[in-house]
Amino acid sequence: MKVCFHGTAEELELVAGRRLMVLLTFRDVPRLRVFALLHPRTLKHPYNGLFRLCADRAEDEGGVHG
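Since this is a predicted model, take the numbers as computed values, not measurements.

A. Molecular detail of the state of the cysteines. Throughout the structure, instances matching the rule amount to one disulfide. Shown here is the disulfide that connects Cys4 with Cys54, its sulfur atoms set 2.3 Å apart. Across the S-S bond linking Cys4 and Cys54, the dihedral sits near 100 degrees, which makes this disulfide right-handed. Highlighted residues: Cys4 in strand β1 (residues 2–7) and Cys54 in strand β4 (residues 51–59), separated in sequence by 50 residues. The partly exposed category is assigned to Cys4, whose relative accessible area is 36%. Of the residues examined, Cys54 reaches a relative accessible area of 7% and is grouped as buried.

B. Molecular detail of the packing of aromatic side chains. Inspection of the entire model under this criterion finds zero aromatic pairs. Arg57 extends its terminal NZ or CZ atom over the ring of Phe35, reaching a point 5.4 Å from the ring centre.

C. Up close: the sheet that holds β4. Taken in spatial order, the four strands make up an open sheet running β1-β4-β3-β2, and their pairing is antiparallel. The open sheet has two free edges, formed respectively by β1 and β2 (20–24), since each of these has just one partner strand. With direction set aside, neighbouring strand axes in the sheet form an average angle of 45 degrees. Bridge count between strand β3 (residues 32–42) and β4: six bridges; the pairing is antiparallel. Of the residues in β4, the one forming a bridge with Leu37 is Arg57.

Basis of the calculations
- Residues numbered from 1 in each chain as written.
- Predicted model: local features only at pLDDT ≥ 70, side-chain atom pairs only at ≥ 80, totals over all residues.
- Heavy atoms only, no water.
- Disulfide = S-S within 2.5 Å.
- Helix = DSSP H or I, 4+ residues; strand = E, 2+ residues; numbered from the N terminus.
- Buried < 20%, exposed > 50% of the residue type's maximum accessible area, 1.4 Å probe, protein only.
- Phe/Tyr/Trp six-rings, centres within 6.5 Å; stacked < 30°, edge-to-face > 60°.
- Lys NZ or Arg CZ within 6 Å of the ring centre and 35° of its normal.
- Pairing = 2+ DSSP bridges.
- Axes fitted to C-alpha atoms, helices over the stretch in contact; angles between N-to-C directions.

Okay, structure coming up:
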């Protein structure tokens, strides 16, 4: 699955530098999903002052039920 983040260069640098991410879901169970970002790519051209970082989402074993 592909995920994208929008933000400034500094914000996206923080996201890309993290080994694991946590996704808070609204209606799905489990409510928290832990995943790693694989093959992150950043658009070189800013859109409206922001950049877009896209990556493949690799889900870790199991989830955290909330």
